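Chains, contacts and geometry: an overview
Listed below, chain by chain, are the residues.
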Amino acid sequence: MPKVLVSDPIDQVGIDILSQVATVDVKTNLSPDELIKALPEYDAIMIRSGTKLTKEAIEAGKNLKIIGRAGVGVDNVDVPTATRQGIVVVNSPEGNTIAAAEHALAMMLSLSRYIPEANASIKSGKWDRKSFTGVEVYKKTLGVIGLGKIGSHVATVARALGMRLLAYDPFLTAERAEHLGVNLVELEILFRESDYITLHLPKTKETYHLINAESLKIMKPNVRIINCARGGIIDEAALAEAVKNGQIGGAALDVFENEPLEAESTLRAAGSRLILTPHLGASTEEAQTNVAVDVAEQIRDVLLGLPARAAVNIPGLGPDVWQKLKPYLQLAEMLGNLVGQLAGGRVDTLDVRLQGEIATSESQPIVVAALKGLLSPALRERVNFVNASLEAKERGIRVTETRDATIEDYTGSLHLTANGTHGQQSVTGALLGKSELRITNINDFPINVAPSHYMLLTLHRDMPGIIGGLGSLLGNFNVNIASMQVGRRMVRGEAVMVLNIDDPLPASLLEEIVRIPGVKDAFVVNL
Ligand SMILES: NC(=O)c1ccc[n+]([C@@H]2O[C@H](COP(=O)([O-])OP(=O)(O)OC[C@H]3O[C@@H](n4cnc5c(N)ncnc54)[C@H](O)[C@@H]3O)[C@@H](O)[C@H]2O)c1
Ligand SMILES: O=C(O)CC[C@@H](O)C(=O)O
């Protein structure tokens with residue numbers, strides 16, 4: 001049984017799903033050192049935002065196949081290191097959208113109606129109604145920065161509350177903004193005109209300290225700022241200062257540059273107009289069930305050898321697409337492996353041509369499968385669907401992809417061309433029926449061979465005696481021939497022969513094979 005470590009509190013429903021296929025250990029609050037010590041024995045880890053999977057931790061996870069983040073943001077995971085190590089990283093892109101959006105809206109209304117302060121006041125024994133006269137959000141302007149899944153839901157609800165909506169999102173189409181009834185504007189206009197500003201964008205190099213002392217200066221004096229996205233998008237020191245000295249109307253933060261928030265953080269001392277919650281955006285029963293199911297199912301599937309539907313470092317495949325592509329992925333991997341072995345050294349370029357019915361399909365997984373096949377003779381089990389593209393890029397292999405729906409010899413076929421140290425090699429393969437793989441062409445010689453684990457290929461002149469000579473030579477070495485195919489373009493011209501053999505061929509035998517008169521070259525192919 002594979003082993004899964006759950007290192008943050010996860011809904012029981014997720015643990016139950018994982019337990020169908022794995023031994024599950026729940027160990028929360030591990031220190032970084034304890035985590036590094038524990039990781040080598042696990043095949044998968046499931047986390048929320050509490051666990052930091054650093055480079056060191058991921059490298060310690062020698063057996064990790066998958067990292068599951070029960071939530072959206074993967075900024076607590078060193079994804080490039082995971083990719084390099086061939087570990088798939090999955091998340092739950094939508095499981096907590098509503099929860100996070102509602103938390104932002106709750107923050108906006110709490111800021112407007114002094115709910116935390118009034119609650120604290122009454123519980124301290126007072127009956128003070130004068131200090132807590134709020135403001136309405138109706139007809140006020142809400143500036144949404146980042147109009148993705150959460151931002152869109154916030155905008156939709158805010159519109160129903162009668163708010164005017166501005167948004168800044170450089171990646172959003174005007175049509176989508178119009179559909180949401182939102183006015184897309186430049187960031188500076190949003191800063192200047194909003195009564196409320198809510199953040200729903202990722203933390204990146206570009207968005208770090210997007211709200212800072214300078215931008216705070218151009219905002220309305222009563223602006224209220226809400227951050228339920230990521231810490232670091234706001235300069236916390238500048239914000240604390242602006243709230244404390246009354247430069248802005250208030251702010252509400254659910255996320256922090258360092259989490260957990262330090263006990264001595266200036267934010268804790270910025271006064272009651274700064275509302276703080278400890279990263280609770282996703283903390284609803286519904287969201288926790290959603291993300292736990294979403295991610296546990298993906299971990300289960302990957303451990304069973306199936307694809308993940310929401311992988312952040314490989315193309316995710318839905319079940320329908322996976323069913324359709326699966327035989328083509330096997331075909332691409334087999335052809336990649338074959339063309340790589342024929343190339344016999346460095347490959348500089350690889351072209352993957354999708355033909356027939358497959359020409360209109362999603363191509364990225366097929367290209368990745370071809371690269372995995374191409375690199376596997378050199379990298380063995382180190383290369384997988386996660387790191388194949390990266391490994392190819394690092395080796396300087398330029399990959400192109402072409403499509404030709406008009407080629408219809410087979411329902412769908414793939415043609416791979418590799419250029420490298422030993423010139424150009426090309427292979428074509430197709431599906432027979434729904435799933436049987438066939439090699440249909442090698443270097444422009446038409447053939448029809450079912451691939452097998454061990455194969456021998458010869459380039460020779462089409463003349464009597466070759467087949468006999470080769471047969472007796474293999475017989476002398478006790479190598480059993482399962483089947484044999486010759487492909488030629490003209491009688492007594494150049495030809496290719498493919499033998500499916502039952503036993504591995506000793507490399508030394510190749511030298512004897514090329515000594516057979518008429519044989520120009522010979523390759524052992526192990527698929
Ligand atoms: N507080 C929580 O518990 C909690 C819960 C869920 C998500 N989140 C965070 O909320 C944020 C939004 O999540 P989502 O699911 O809506 O993501 P999303 O990917 O659907 O939306 C993000 C949006 O931000 C936009 N964007 C990217 N760079 C931008 C920039 N420089 N300026 C303006 N917009 C930019 C993108 O175009 C996209 O539309 C993420 O940071 C996520 O980690 C927090
Ligand atoms: O795990 C959590 O509770 C936070 C999740 C949230 O920040 C996310 O990015 O999905």
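Residues numbered from 1 in each chain as written. Chains lettered and ligands numbered in written order. Predicted model: local features only at pLDDT ≥ 70, side-chain atom pairs only at ≥ 80, totals over all residues. Heavy atoms only, no water.

By the naming in an unreviewed UniProt entry, the protein is D-3-phosphoglycerate dehydrogenase, taken from Tumidithrix elongata BACA0141. According to the UniProt record, the Function (unreviewed entry) comment for the protein is "Catalyzes the reversible oxidation of 3-phospho-D-glycerate to 3-phosphonooxypyruvate, the first step of the phosphorylated L-serine biosynthesis pathway. Also catalyzes the reversible oxidation of 2-hydroxyglutarate to 2-oxoglutarate." Turning to the protein, the UniProt record has this under Pathway (unreviewed entry): "Amino-acid biosynthesis; L-serine biosynthesis; L-serine from 3-phospho-D-glycerate: step 1/3." (UniProt positions renumbered as here; feature names shortened; annotations may be inferred.)

The next thing to look at is the overall build of the protein. Looking only at helices and strands, one finds 17 helices and 22 strands in the protein. Its C-alpha atoms give the protein a radius of gyration of 30 Å, clearly above 24 Å, the size a compact globule of 527 residues would have. Projecting the C-alpha coordinates of the protein onto the three principal axes gives extents of approximately 105 × 50 × 35 Å. Accessible area for the protein stands at about 24,600 Å²; split by element, carbon and sulfur atoms hold 52% of it. The centroid of the 52 positive side-chain charges in the protein is displaced by 2 Å from the centroid of its 61 negative side-chain charges. (Helix = DSSP H or I, 4+ residues; strand = E, 2+ residues; numbered from the N terminus. Rg over C-alpha atoms; globule rule 2.2 N^0.38 Å. Areas by Shrake-Rupley, 256 points an atom, 1.4 Å probe, with all protein chains shown as cover. Lys, Arg positive; Asp, Glu negative; His and termini not counted. Charge placed at Lys NZ, Arg CZ, Asp CG, Glu CD.)

In the neighbourhood of ligand 2, the contacting residues comprise Arg48, Ser49, Arg69, Gly71, Val72, Gly73, Asn96, Arg230, His279 and Ala282. Taking Ser49, its main chain carries an N or O atom lying 3.3 Å from an oxygen atom of ligand 2. The side chain of Asn96 places a nitrogen or oxygen atom 2.8 Å from an oxygen atom of ligand 2. Surface burial for ligand 2 is 93%, taken as the share of its 300 Å² of free accessible area covered by protein chains. Residue composition of the shell around ligand 2, grouped by class: two nonpolar, five polar and three charged. (Near = heavy atom within 4 Å. Polar contact = N/O pair within 3.5 Å; in protein donor to acceptor, adjacent residues only side chain to side chain. Nonpolar A, V, L, I, M, F, W, Y, C, P; charged D, E, K, R; others polar.)

Remark: helix 1 (residues 12-19) packs on helix 12 (residues 285-303), axes separated minimally by 8 Å, with the N-to-C direction vectors making an angle of 15°. Classed by the angle they form, the pair helix 1 and helix 12 counts as roughly parallel. When you trace helix 1 past helix 12, the crossing you get is right-handed. For the pair helix 1 and helix 12, the contacting residues are Val13, Gly14, Ile17 and Leu18 in the first and Thr289, Ala292, Val293, Ala296, Glu297, Ile299 and Arg300 in the second. Partitioning the contact of helix 1 with helix 12 into residue classes produces seven nonpolar, two polar and two charged. (Axes fitted to C-alpha atoms, helices over the stretch in contact; angles between N-to-C directions. Parallel < 35°, antiparallel > 145°, perpendicular 65-115°, else oblique. Left-handed = near helix turned anticlockwise from the far one by under 90°. Contact = heavy atoms within 4.5 Å.)

The environment of ligand 1 is made up of 25 residues, and the closest members are Lys149, Ile150, Asp169, Leu201 and Asp254. Separating an oxygen atom of ligand 1 from a backbone N or O atom of Ile150 is a distance of 2.9 Å. At a separation of 3.4 Å, an oxygen atom of ligand 1 approaches a polar side-chain atom of Arg230. Burial of ligand 1 by the surrounding chains reaches 86%, relative to a free accessible area of 870 Å². A per-class count over the shell around ligand 1 returns 13 nonpolar, eight polar and four charged.

Let us look at the environment of Asp16. Inspection of the secondary structure assignment puts Asp16 in helix 1. Taking relative accessible area as the criterion, Asp16 reaches 43% and is therefore assigned partly exposed. Put simply, Asp16 and Ala296 are 280 residues apart on the chain and 8.7 Å apart in space, counted from C-alpha to C-alpha. A polar contact is formed between the side chain of Asp16 and the side chain of Gln12, at a distance of 2.8 Å. (Buried < 20%, exposed > 50% of the residue type's maximum accessible area, 1.4 Å probe, protein only.)

Quick look at the pairing of strand 7 (residues 164-168) now. For a regular strand, side-chain orientation follows a simple rule: the groups alternate between the two sheet faces. Sheet topology note: the strand 6 (residues 141-145)/strand 7 ladder contains five bridges and is parallel. Residue pairing across strands places Leu142 opposite Leu165, the latter belonging to strand 7. In this fold, strand 7 hands off to helix 8 (residues 174-179), which returns the chain to strand 8 (residues 183-184); that crossover is right-handed. (Pairing = 2+ DSSP bridges. Right-handed = clockwise from strand over helix to strand, strands pointing away.)

Quick look at the UniProt feature "domain: ACT" (unreviewed entry) in the protein now. Per the UniProt record, "domain: ACT" (unreviewed entry) is found at residues 455-527. Each end of residues 455-527 is marked by a C-alpha atom, and these two atoms are 8 Å apart; helix forms 23% of the span and strand 42%.

With that settled, consider helix 11 (residues 236-244). Along an α-helix, residues three or four apart share an orientation, since each turn contains 3.6 residues. For helix 11, the full list of buried residues reads Glu236, Ala238, Leu239, Ala240, Ala242 and Val243. Of the surrounding secondary structure, the elements contacted by the buried residues of helix 11 are helix 10 (213-218), strand 10 (224-227), strand 11 (250-253) and strand 12 (274-276). Immediately downstream of helix 11, the backbone of Gly246 shows phi near 75°, a positive value.

What follows concerns the pattern of salt bridges. Considering all chains together, one arrives at 21 salt bridges under this definition. Linking Asp25 and Lys3 is a salt bridge whose minimum nitrogen-to-oxygen distance equals 3.8 Å. Of this pair, Asp25 sits in strand 2 (residues 23-26) while Lys3 sits in strand 1 (residues 3-6), and the two are 22 residues apart along the sequence. The partly exposed category is assigned to Lys3, whose relative accessible area is 23%. As a salt-bridge pair, Arg395 and Glu391 come within 2.7 Å of each other at their nearest N and O atoms. On the accessibility criterion, Glu391 (6% relative accessible area) is buried. (Salt bridge = Lys/Arg side-chain N within 4 Å of Asp/Glu carboxyl O.)

For the structure shown, the criterion picks out one aromatic pair. Relative to Phe132, the ring of Tyr114 lies with its centre 6.3 Å away and its plane at 45°, an arrangement referred to as tilted. On the criterion of sequence distance, the pair formed by Tyr114 in the loop between helix 5 (97-113) and helix 6 (115-123) and Phe132 in the loop between helix 6 and strand 6 is long-range, its members being 18 residues apart. For Tyr114, a relative accessible area of 17% corresponds to the buried category. Of the residues examined, Phe132 reaches a relative accessible area of 19% and is grouped as buried. Over the ring of Phe445 we find Arg489, and its NZ or CZ is 4.0 Å from the ring centre. (Phe/Tyr/Trp six-rings, centres within 6.5 Å; stacked < 30°, edge-to-face > 60°. Lys NZ or Arg CZ within 6 Å of the ring centre and 35° of its normal.)

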